Amino acid sequence: MGPQEVLGQTTRLASSSALLQVLFRAVTFALNAFALRYLSRELIGVVNVRLTLLYSTVVFLAREAFRRACLSGSAKRNWTKTINLLWLTVPLGVFWSVCLSLVWLHLLEVPDPSVVPHYQAGVVAFGLSAIIELLGEPFWVLAQAHLFVRLKVIAESLSVLSKCVLTVVLVVLYPQWGLYIFCLAQLLYTSVLVLCYVIYFVTFLGSPEATKKSFPVARMKSLLPNLVEDETFVNWKEARLTWSFFKQSFLKQILTEGERYVMTFLNVLNFGDQGVYDIVNNLGSLVARFIFLPIEESFYVFFAKVLERGKSVKDQKKDDVAMAANVLESLLKLVLLTGLTITVFGYAYSQLALDIYGGSMLSSGTGPDLLRCYSLYVLFLAVNGVTECFTFALMCKEEVDRYNFVMLALSFTFLCISYFLTHWHGSVGFILANCFNMGIRIAHSIHYIYAYFKESTYRPLTGLLPSPFLVLIYIISGVITGFSEVFFCCDKGWMARLIHVSMGALCFGTTIVTMFCTERKLIHFVRRQFLPRYLKKGS
């Protein structure tokens with residue numbers, strides 16, 4: 001598969017992922033807003049912070065390094081050894097699940113049983129769900145490496161949708177079940193996710209389509225651990241790279257979920273405040289999950305396939321370097337403008353969004369300030385996702401090891417800053433600490449990208465420089481919507497709210513029109529790469 005084909009498949013994967021996730025997440029968004037009226041803040045805090053942290057930590061530590069290592073390089077490899085390596089995620093997941101569940105049960109503060117009952121059952125269920133999800137890891141990596149466009153999105157969307165439907169039904173019918181509701185929903189989520197992959201490969205392997213694509217695996221038996229006669233059980237190069245990424249992933253997990261670790265282990269917020277923080281955090285990260293994450297995951301595969309890991313720009317093919325540089329520049333501009341738009345308009349519409357979504361429980365107190373700060377944090381998330389996906393796709397093993405020391409220092413600094421900022425400014429301090437953390441990571445990635453392209457004629461970092469006129473429009477829009485919020489939102493009736501929304505819509509439309517006029521190269525990239533099917537339909 002040539003670089004242009006890889007780019008086409010990658011952008012199709014990213015755009016399909018984003019569009020399908022928006023569709024399914026919109027449904028779950030509405031279901032969660034409904035269920036929110038039936039739940040206490042304390043229950044939300046225990047489920048979404050304490051138990052979800054257990055699940056995400058087990059899954060991340062058990063599989064992230066394997067994913068990074070096994071998705072590097074060409075899809076043409078000894079897949080038997082790669083699959084053998086991937087199955088090691090299951091015993092590793094069992095180890096982490098048992099160890100961390102004991103910590104969650106015996107070393108951390110246990111919620112008041114009269115407020116949040118069945119805590120012990122929740123720990124066991126969420127730990128078990130992590131192990132179930134790891135059973136599908138070989139299928140996920142195989143699908144991602146071969147750029148299966150719809151499988152990943154449909155599997156994740158169906159699992160999330162089934163989880164939300166079951167949660168809403170049980171919350172309405174049996175609210176007294178408490179944590180049992182979320183235990184059943186979590187187990188259903190991971191079971192549906194794994195079953196989707198298994199069912200797909202059962203029907204795909206051995207089919208004419210698989211034969212036509214020269215798929216490297218012919219039978220389901222080949223997706224189980226297999227001994228290769230007179231050869232090693234795993235590819236030791238991949239295994240060593242996995243160990244390097246494991247050390248890095250351990251630190252990255254602390255940075256990614258740092259505020260939850262501080263909440264969980266240092267008790268700086270009660271369970272009710274943790275619940276409000278998590279709801280706001282989920283609302284603020286919607287765009288990151290819808291758009292930025294699919295782009296980051298898909299284009300990590302693109303950069304890893306087009307450019308060879310560990311080689312300088314002079315040793316790469318010139319056409320491949322040109323394509324990678326142009327794609328990186330356009331991606332940086334795309335996520336930067338998306339992040340700026342969210343930052344500018346998110347500030348003036350945070351309180352209104354929270355009031356509509358969760359009522360006074362969210363729109364009063366610290367909720368609006370949290371979401372405003374998160375709007376700024378989204379900008380950092382946007383830029384960091386693309387810069388890191390390029391950096392991690394090109395780093396050699398030695399560079400990954402060196403970066404681990406940077407992550408170690410950053411992890412310690414981040415935890416300290418989170419602790420002190422939280423004491424100074426409450427839960428808002430977590431988001432400010434995250435902004436600092438992302439800023440340092442962006443600076444490191446930008447330095448790497450600048451050094452990588454220094455000896456070439458390409459300067460992809462210009463993607464971080466928007467048009468001055470567009471920046472002026474952003475500033476004017478921010479001022480207008482800020483004054484609109486003061487005069488029309490949010491306790492002056494629905495007519496005033498409607499005026500506030502209309503002012504925002506007018507400013508947003510002006511911003512989009514200006515973007516089309518000043519960022520023609522970006523618009524051409526989006527039309528050519530992300531929307532080809534829709535343009536063909538309209539032509």
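About the criteria used
- Residue positions are given per chain, counted from 1 along the sequence in the order it is written.
- With the structure being a predicted model, the display of local features is reserved for residues of pLDDT at least 70 and the display and counting of side-chain atom pairs for 80 or more, all residues being used for whole-chain, interface and lining totals.
- The basis for the side-chain values is all heavy atoms of the structure; hydrogens and waters are excluded.
- Strands are runs of DSSP state E lasting at least two residues, helices are runs of H or I lasting at least four, and both sets are numbered from the N terminus onward.
- Partly exposed residues are those whose accessible area sits between 20% and 50% of the maximum for their type, while under 20% is buried and over 50% is exposed, using a 1.4 Å probe and protein chains only.
- Between two residues, a contact is recorded if the distance between any of their heavy atoms is within 4.5 Å.
- Residue burial considers only the protein chains on display, and all accessible areas are found by Shrake-Rupley using a 1.4 Å probe.
- Centres within 6.5 Å make a pair out of two Phe, Tyr or Trp rings, where for Trp the six-membered ring is used; the pair is then stacked when the planes are under 30 degrees apart, edge-to-face when over 60, and tilted otherwise.
- Whether a charge sits over a ring depends on NZ of Lys or CZ of Arg being within 6 Å of the ring centre and within 35 degrees of the ring normal.
- Where helices are involved, their axes are fitted lines through C-alpha atoms of the stretch in contact, as for all axes, and angles between N-to-C directions lie from 0 to 180°.
- Note on angle classes: values under 35 degrees are labelled roughly parallel, values over 145 roughly antiparallel, values of 65 to 115 roughly perpendicular, and the remainder oblique.
- Crossing chirality is assigned from the near helix's rotation relative to the far helix, an anticlockwise turn below a right angle marking it left-handed and a clockwise turn marking it right-handed.
- By definition here, a helix of n residues has an expected span of 1.5 Å times n minus one.
- Distance thresholds for patches are 9 Å for like charges and 5 Å for nonpolar side chains (Val, Leu, Ile, Met, Phe, Trp, Tyr), applied to residues having over 30% relative accessible area and no salt bridge.
- The salt bridge definition used is simple: a Lys or Arg side-chain nitrogen within 4 Å of an Asp or Glu carboxyl oxygen.
- By nonpolar core we mean a set of buried residues, namely Ala, Val, Leu, Ile, Met, Phe, Trp, Tyr and Cys, connected to one another through side-chain atoms within 4.5 Å.
- Counting of polar contacts relies on pairs of N or O atoms within 3.5 Å, with two restrictions inside protein: one atom must be capable of donating a hydrogen and the other of accepting it, and residues adjacent in sequence are counted only when both atoms are side-chain atoms.
- Note on residue classes: Ala, Val, Leu, Ile, Met, Phe, Trp, Tyr, Cys and Pro are nonpolar, Asp, Glu, Lys and Arg are charged, and everything else, Gly too, is polar.

1. Examining the overall build of the protein chain
Point 1. Each helix and strand in the protein chain was counted, giving 22 helices and 0 strands.
Point 2. Within the protein chain, the proportion of its 539 residues that are buried is 55%.
Point 3. Nonlocal contacts in the protein chain, meaning residues at least 24 apart in sequence, comprise 82% of its contacts between residues at least 6 apart.
Point 4. For the protein chain, the exposed surface amounts to about 23700 Å²; the carbon and sulfur share of it is 68%.

2. Focus: the packing of aromatic side chains
Point 1. Following the criterion strictly, the structure yields 22 aromatic pairs and no others.
Point 2. Between F204 and F215 the ring centres are 5.1 Å apart and the planes differ by 90°, which places this aromatic pair in the edge-to-face class. Here F204, found in helix α8 (residues 179–204), pairs with F215, found in the loop between α9 (208–212) and α10 (236–256); they are 11 residues apart in sequence, far enough to count as distant. Residues F204 and F215 agree in their burial class; the two are buried.
Point 3. Centroid distance Y452 to F453: 5.1 Å. Interplanar angle 80°. Geometry classified as edge-to-face. Taken individually, Y452 and F453 each receive the classification buried, so the pair is uniform in this respect.
Point 4. Against the face of Y300 rests R68, its NZ or CZ located 4.7 Å from the ring centre.
Point 5. A cation sits over an aromatic face here: R372 above Y347, 5.5 Å from the ring centre.

3. A short note on the packing of helix α7 (residues 151–173) against α8
Point 1. Between α7 and α8, whose axes approach to 8 Å, the crossing angle comes to 155°. With respect to α8, the element α7 is oriented roughly antiparallel. α8 is crossed by α7, and the crossing has right-handed handedness.

4. Some points on helix α17 (residues 397–425)
Point 1. Spanning 29 residues, α17 covers 40 Å between terminal C-alpha atoms, matching the ideal 42 Å at 1.5 Å per step.
Point 2. Within α17, burial applies to V400, D401, Y403, N404, M407, L410, S411, F414, S418, L421 and T422.
Point 3. Positive phi shows up at G426, right after α17, with a value of about 65°.

5. Section: a nonpolar patch on the surface
Point 1. A cluster of nonpolar side chains, namely F34, Y38, V165, V169, V172, L173, Y174, W177, Y180 and L184, defines an oily patch on the protein surface of about 870 Å² accessible area.
Point 2. Going through the elements one at a time, α7 and α8 are the ones with two or more residues in the nonpolar patch.
Point 3. Element by element, the count of residues in the nonpolar patch is highest for α7, at 4 residues.
Point 4. If you trace the backbone, V172 turns up in helix α7.

6. A closer look at the nonpolar core
Point 1. By size, the foremost hydrophobic cluster in this structure holds 149 residues, and its most contacted members are Y197, F201, F215, F303 and F390.
Point 2. The residues contacting F390, other than those within four sequence positions of it, are F303, L307, L328, I449, Y452 and F453.
Point 3. A348, Y349, C489 and C490 belong to the second-largest nonpolar core, a separate cluster that totals 5 residues.

7. A short note on helix α20 (residues 494–518)
Point 1. For α20, which comprises 25 residues, the first-to-last C-alpha distance of 36 Å matches the rise-based estimate of 36 Å (1.5 Å per residue) to within 8%.
Point 2. Buried residues of α20: A496, R497, H500, G504, C507, T511, T514 and M515, and no others.

8. Some details on the side chain of Q316
Point 1. Counting through the fold element by element, Q316 comes out in the loop between α13 (286–306) and α14 (318–358).
Point 2. Residue Q316 is classed as buried on the basis of its relative accessible area of 10%.
Point 3. At a separation of 3.4 Å, a polar atom in the side chain of Q316 contacts the main-chain carbonyl oxygen of K311.
Point 4. Residues within four places of Q316 in sequence aside, it is in contact with L307, E308, K311, V321, L394 and Y452.

9. Points about unusual backbone geometry
Point 1. Of note in the backbone geometry, H118 takes a positive phi value of approximately 65° without being a glycine.
Point 2. Considering the arrangement of structural elements, one finds H118 in the loop between α4 (89–106) and α5 (119–134).

10. Looking at the side chain of S445
Point 1. Within the element layout of this structure, S445 appears in helix α18 (residues 428–453).
Point 2. Under the relative-accessibility criterion, S445 is labelled buried at 1%.
Point 3. Not counting residues up to four positions away in its chain, the partners in contact with S445 are T387, E388 and T391.

11. Focus on the packing of helix α2 (residues 41–70) against helix α11 (residues 258–266)
Point 1. Remark: α2 packs on α11, axes separated minimally by 10 Å, with the N-to-C direction vectors making an angle of 120°. By the criterion of interaxial angle, the relationship of α2 to α11 is oblique. Like other packed secondary-structure pairs, α2 and α11 cross with a definite hand, here left-handed. Across from N48, V49, R50, L53 and T57 in α2, the residues of α11 making contact are R260, Y261, M263 and T264.
Point 2. Across the contact of α2 with α11, the residue classes tally to 4 nonpolar, 3 polar and 2 charged.

12. Quick look at the pattern of salt bridges
Point 1. Throughout the structure, instances matching the rule amount to 14 salt bridges.
Point 2. With a shortest N-O distance of 2.5 Å, R497 and D355 are connected by a salt bridge. With R497 in helix α20 and D355 in helix α14, the pair connects residues that are 142 residues apart, well separated along the chain.
Point 3. You can call R497 buried: its relative accessible area is 10%.
Point 4. The salt bridge involving E388 is made with R441; its shortest N-O contact spans 2.8 Å. Separated by 53 residues along the polypeptide, E388 in helix α16 (residues 367–394) and R441 in helix α18 bring together distant segments of the chain.
Point 5. Taking the relative accessible area as the measure of exposure, R441 reaches 2% and is therefore buried.
Point 6. Put simply, R63, R67, E133 and E137 are held in one network by salt bridges that share partners.

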